[in-house]
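A look at the structure
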Amino acid sequence: RSYVAYYWALALKDKHEVIFADSMAMAYCRFAPFKAAFFKVAPPAQDFWGFRKDLVELVLNEAVDLIIPTCEEVFFISAFKNELPCKVFCADHALLATLHNKFTVFETLGFARAVKFPETQLIRQRSDVDRSFNSILKPVFSRFGAKIITDISLAEQAKLDVSFQWVQQRRLTGRSLCNYAIALDGRMLGHVCYHARHRIKHSSALYLEPMENEAITNFTRAFIAKHNYTGQIAFDFIQTDDGRVTADLSQNLAQADLGVYVIECNPRGTSGIHLMDLSTIAPALFLAEGVIPYLDADT
């Protein structure tokens, strides 16, 4: 069902046999004219062991050489990737879980110098929320901006679902930037950065404007090298208005320079793949023949 999977297949189909697998029977990729086969597998979130069994059998029966997880299934496949009789294009499960968590992700970024981090605190119970803190609330595990609370009033605090953890994060005003990178064994094979100019509320970007940002490029390259990263990786950033955070900037951030703040990580495929030249993905990934460049803005 994933456009990311479809794009990966477009990039690989000329020299590789592409097989799709999804727990949705009528997935979009099922109807790709260039597919070798499509297999329905058990849904990993509802039937992990069935999913694992189906994937192992698929790999053995079809002599699969490489699995490329494209979306949230990466968190399940990574849990047993070392038991699969093929290569898997993703990082280790523990690192992926840490990156996906909107609080623990910052533990992996302490080396960074090119970007900054907003003040972020963990919320385990309603009384942990600081209503004097100019901030937003979001679940530690979420995607597409789901459940974000931008109005931290007493009424909203009372409705807070504490059956799972949240983060309270400094509210930043500015331009929403995103990036997407492909990496292999600590080398950044391809990277794109873009302005998420139009979104569905706080969710996915509908209009992507390619751009260059040296700080983001350097940050991502350093991250990949630091963690010897393999797979797809993406971050969300805020480039603050006039380089400044909101007027009530707390003292511990008062020394912040003009710049870019990383706010969360998506250790999976994202819309950024739309901005890559697909003809260069396979050579870069399989033959290490160089960097995957931007598409021309008018392409």
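Here the structure is shown first, and the text comes after it.
The sections below set out a description of the structure shown in this document. All residue numbers here refer to positions counted from 1 along the written sequence of the relevant chain. Only residues with pLDDT of at least 70 get local features here, since the model is predicted, and only at 80 or more are side-chain atom pairs given and counted; chain-wide, interface and lining totals rely on the full set of residues. The side-chain numbers reported here are obtained from all heavy atoms of the structure, hydrogens and water having been left aside.

**So, the overall build of the chain**
Only runs of H or I of at least four residues qualify as helices and only runs of E of at least two qualify as strands under DSSP, and these elements are numbered from the N terminus. A count of helical and extended segments in the chain gives seven helices and 12 strands. Exposed residues in this analysis have more than 50% of their type's maximum accessible area, buried residues have under 20%, and partly exposed residues fall in between, with area computed by a 1.4 Å probe over protein chains only. Counting over 299 residues, the chain shows a buried share of 49%. What makes two residues a contact is simply this: any of their non-hydrogen atoms within 4.5 Å. Taking contacts inside the chain between residues at least 6 apart in sequence as the whole, the part at least 24 apart equals 61%.

**Describing empty space enclosed by the protein**
Note on definitions: the grid is 1 Å and covers protein atoms alone; a cavity is a set of points where a 1.4 Å probe fits but cannot get out; a pocket is an open set with protein on both sides within 12 Å along at least five of seven lines; lining residues have an atom within 4 Å of a point. Grid points are joined across faces, edges and corners, and a volume is the space filled by probe spheres set on the points. Applying the stated criterion across every chain yields a total of one cavity of 30 Å³ or more. When its volume is computed, the largest cavity comes out at roughly 40 Å³. We call Asp, Glu, Lys and Arg charged. Ala, Val, Leu, Ile, Met, Phe, Trp, Tyr, Cys and Pro are nonpolar, and the rest, Gly among them, are polar. Split by residue class, the lining of the largest cavity holds six nonpolar, two polar and one charged.

**Re the packing of aromatic side chains**
Classification of ring pairs rests on two measures: the distance between centres of Phe, Tyr or Trp rings, Trp counted by its six-membered ring, which must be within 6.5 Å, and the angle between planes, read as stacked under 30 degrees, edge-to-face over 60 and tilted in between. Tallied over the entire structure, the rule returns 15 aromatic pairs. Ring geometry for F51 and F80: centres 6.3 Å apart, planes at 75°, overall edge-to-face. One end of the pair, F51, is in helix α2 (residues 48-62); the other, F80, is in the loop between α3 (74-77) and β4 (87-88), and 29 residues separate them in sequence. Using a relative accessible area of 3% as the deciding quantity, one classes F80 as buried.

**Quick notes on the sheet that holds strand β7 (residues 166-170)**
By definition, two strands form a pair when at least two bridges between them are found by DSSP. Read from one edge to the other, the open sheet built from three strands follows the order β5-β7-β6, with strand pairing classed as antiparallel. A strand with exactly one partner marks an edge of an open sheet, and here the two such strands are β5 (120-123) and β6 (135-139). On average, each strand axis in the sheet is inclined to that of its neighbour by 25°, with strand direction left out of account. When β5 meets β7, the two strands line up antiparallel, connected through four bridges. Only the stretch in contact is used when a helix axis is fitted, and all axes are lines through C-alpha atoms; the angle between N-to-C directions ranges over 0 to 180 degrees.

**Some points on the pattern of salt bridges**
Salt bridge, as used here: a side-chain nitrogen of Lys or Arg that lies within 4 Å of a carboxyl oxygen of Asp or Glu. Tallied over the entire structure, the rule returns nine salt bridges. Across the salt bridge formed by D14 and K13, the nearest N and O atoms sit 3.1 Å from each other. K13 gets classed as partly exposed once you look at its relative accessible area, which sits at 32%. Its salt-bridge partner being K53, residue E57 comes within 2.9 Å of it at the nearest N-O pair. Of this pair, E57 and K53 both sit in helix α2, separated by four residues, roughly a single helical turn. Its relative accessible area of 35% is what places E57 among the partly exposed residues. Sharing partners across several salt bridges, the network here consists of K102, K138 and E264.

**Things to note about the nonpolar core**
Nonpolar side chains in soluble globular proteins generally cluster together in the buried interior. Formed by 42 residues in total, the largest nonpolar core has its most connected members in I67, Y229, I233, F235 and F237. Among the secondary structure elements, those contributing two or more residues to this core are α2, α3, α4 (93-100), β8 (174-184), β9 (187-199), α6 (214-226), β11 (231-240) and β12 (260-266). Contacts of F235, omitting those with residues within four sequence positions, involve L109, L177, C178, N179, F219, F223, V262, E264 and C265. Core analysis: the next-biggest nonpolar cluster, separate from the first, contains 32 residues, L12, L208, I281 and A284 among them. Each nonpolar core is a collection of buried residues, namely Ala, Val, Leu, Ile, Met, Phe, Trp, Tyr and Cys, held together in the definition by side-chain atoms within 4.5 Å.

**Thoughts on the state of the cysteines**
Two cysteine sulfurs form what is called a disulfide whenever their separation falls within 2.5 Å. Under the counting rule described, the total for this entry stands at zero disulfides. The thiol of C29 is not disulfide-bonded; the next cysteine sulfur, from C71, is found 9.6 Å away.

**Regarding α2**
Since one α-helical turn is 3.6 residues long, residues separated by three or four positions face the same way. Here a helix's expected span is defined as the number of its residues, less one, multiplied by 1.5 Å. Here α2 spans 21 Å end to end across 15 residues, near enough to the 21 Å set by a 1.5 Å rise per residue. Against the buried residues of α2 lie β1 (19-22), β2 (37-40), β3 (66-67) and α3.

**So, the environment of S23**
Position of S23 relative to the elements: it lies in the loop between β1 and β2. Given the relative accessible area of 21%, S23 is considered partly exposed. Considering only alpha carbons, one finds S23 and V41, 18 residues apart in sequence, at a separation of 4.7 Å. For S23, the contacting residues outside a window of four places in its chain are R1, K40, V41, A42 and P43. Side-chain atoms alone can form a polar contact between residues adjacent in sequence; in general such a contact is a pair of N or O atoms within 3.5 Å, and within protein one must be able to donate a hydrogen while the other accepts it. A distance of 3.0 Å separates polar atoms of two side chains, one belonging to S23 and the other to R1.

**Focus: unusual backbone geometry**
One non-glycine residue, A63, adopts positive backbone phi at about 55°. Inspection of the secondary structure puts A63 in the loop between α2 and β3.

**Some remarks on the environment of K53**
Judged by its relative accessible area of 47%, K53 falls in the partly exposed class. Considered as a pair, K53 and A42 are 11 residues apart in the sequence and their alpha carbons are 8.7 Å apart.

**A look at the environment of V162**
Turning to its location among the elements, V162 is positioned in the loop between α5 (154-158) and β7. Residue V162 is classed as partly exposed on the basis of its relative accessible area, which comes to 32%. C-alpha of V162 to C-alpha of P139: the two residues are 23 residues apart in sequence and 9.5 Å apart in space. If sequence neighbours within four positions are ignored, V162 has contacts with R124, Q125 and R126.

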